[in-house]
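The residues making up each chain are set out below.
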Amino acid sequence: MEVVIVPDAKSGGELIAEAMAGLLRRKPDALLGVATGSTPLPVYQALKAKVGAGEADASRARICQLDEYVGLPAGHPESYRSVVLREVVEPLGLGEGSFMGPDGSAADVQGACEAYDQALSDAGGVDLQLLGIGTDGHIGFNEPCSSLASRTRIKTLTEQTRVDNARFFDGDIEQVPHHVITQGIGTILEARHLVLLATGEGKADAVAATVEGPVAAVVPASALQLHQHATVVVDEAAASKLKLADYFRHAYVNKPDWQGI
């Protein structure tokens, strides 16, 4: 696992967007897995700017969802399908045909989970999966004590996660669904490159447990330690609890320029 400490969220967004742009130069039809929430917005803004400046060509890129609420009506502005279309797909000039995600409004939710897991495999797998991290160490919606071998499935959200997400529902926790479809940890680990972005002091404990703690289901993000190409990008505040922060800075400064992240 590589840990990159950046000055702020904007710098982290630029770094990850350049990794995505480089991937698209090597593989124009790459499948990019995206996360929702406020943390990854600087990534999408930076990638849009690169496309607009002619520094990246996303015309053949494919985008896939990490997770989706269960039970929100189709077209609900806070469904993750709507969010990804609004924040990623449309700004990059792509159409809905470039996008894939689970159907959170399906009558057969379990069938929808299995169908999406299979669709990711049929698409050739995710080339780069962007991840956020919850204050409790969850990735996707794999809450603490999720199986490290889990596949795409339905999960019940913790009350803390619902509280954290209420800001997207006018601050009303009663509007936040109790269930989601999420790629499982085993599914996430099949992506060729995992990039976790964390910013702010509120994520510092989760980041430290993920990077320097044991691999344990109680901290789902710690499973990234098992991946052959995982990159954790954190700002100074999110890195504040890392005991090996100085080493991580030294290693990044001295890595070959051509290597990227």
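About the criteria used
- Residues numbered from 1 in each chain as written.
- Predicted model: local features only at pLDDT ≥ 70, side-chain atom pairs only at ≥ 80, totals over all residues.
- Heavy atoms only, no water.
- Helix = DSSP H or I, 4+ residues; strand = E, 2+ residues; numbered from the N terminus.
- Rg over C-alpha atoms; globule rule 2.2 N^0.38 Å.
- Contact = heavy atoms within 4.5 Å.
- Areas by Shrake-Rupley, 256 points an atom, 1.4 Å probe, with all protein chains shown as cover.
- Salt bridge = Lys/Arg side-chain N within 4 Å of Asp/Glu carboxyl O.
- Buried < 20%, exposed > 50% of the residue type's maximum accessible area, 1.4 Å probe, protein only.
- Disulfide = S-S within 2.5 Å.
- Core = buried A, V, L, I, M, F, W, Y, C linked by side-chain atoms within 4.5 Å.
- Pairing = 2+ DSSP bridges.
- Axes fitted to C-alpha atoms, helices over the stretch in contact; angles between N-to-C directions.

What's the story with the overall build of the chain in this structure? I'm lost.
Counting secondary structure elements, the chain contains 8 helices and 10 strands. Relative to its length of 261 residues, the chain is compact, with a C-alpha radius of gyration of 17 Å against a globular reference of 18 Å. Taken along its principal axes, the extent of the C-alpha atoms in the chain is 55 × 40 × 35 Å. Within the chain, residue pairs in contact and separated by at least 24 positions form 77% of the contacts whose partners lie at least 6 positions apart. Summing over all exposed atoms, the chain offers an accessible surface of approximately 11300 Å²; the carbon and sulfur share of this is 52%.

Please explain the pattern of salt bridges as it appears in this structure.
Note that side chains of opposite charge can pair when their charged atoms are close. Applying the stated rule across the entire model yields 13 salt bridges. We note a salt bridge from Arg25 to Glu18, for which the minimum N-O separation is 2.9 Å. You can call Glu18 partly exposed: its relative accessible area is 33%. Across the pair Glu159 and Arg162 runs a salt bridge whose closest N-O atoms are separated by 3.4 Å. With Glu159 and Arg162 both in helix 5 (residues 159-165), this residue pair falls 3 residues apart, about one helical turn. In this structure Glu159 comes out as partly exposed when scored by relative accessible area, which is 47%. Residues participating in the shared-partner salt-bridge network are Glu18, Arg25, Lys50 and Glu55.

Which parts of the structure should I look at to understand the state of the cysteines?
Disulfides are covalent bonds that connect the sulfur atoms of two cysteines. Within the structure shown, the criterion is met by 0 disulfides. With no disulfide of its own, Cys64 lies closest to Cys113 among cysteine sulfurs, the gap being 15 Å. On the accessibility criterion, Cys64 (0% relative accessible area) is buried.

Sorry if this is basic, but what is going on with the nonpolar core here?
When a protein is soluble and globular, its nonpolar side chains tend to lie buried together. Residues Ile63, Leu196, Val234 and Leu242 are the most contacted members of the largest nonpolar core, which totals 64 residues. Per-element accounting of this core gives the leading share, 7 residues, to helix 1 (residues 9-26). What Val234 contacts, discounting residues up to four positions off in sequence, is Val3, Val4, Ile5, Val6, Ala198, Val207 and Ala239. Judged by nonpolar contacts, the second largest core, of 10 residues, contains Phe141, Leu157, Ala166 and Phe169.

What is the right way to read the sheet that holds strand 8 (residues 179-182) from this model?
Either a parallel or an antiparallel arrangement is found when strands of a sheet pair, and the pairing is made through backbone hydrogen bonds. Sheet architecture is open: 3 strands sit in the order 4-8-7, paired in antiparallel fashion. The open sheet terminates on both sides in strands that have one partner only, identified here as strand 4 (67-69) and strand 7 (153-156). Taken over all neighbouring pairs, the strand axes of this sheet differ in orientation by 30° on average, direction set aside. Both strand 7 and strand 8 contribute to a ladder of 4 bridges, which runs antiparallel. If you follow Thr156 over to strand 8, its bridge partner there is His179.

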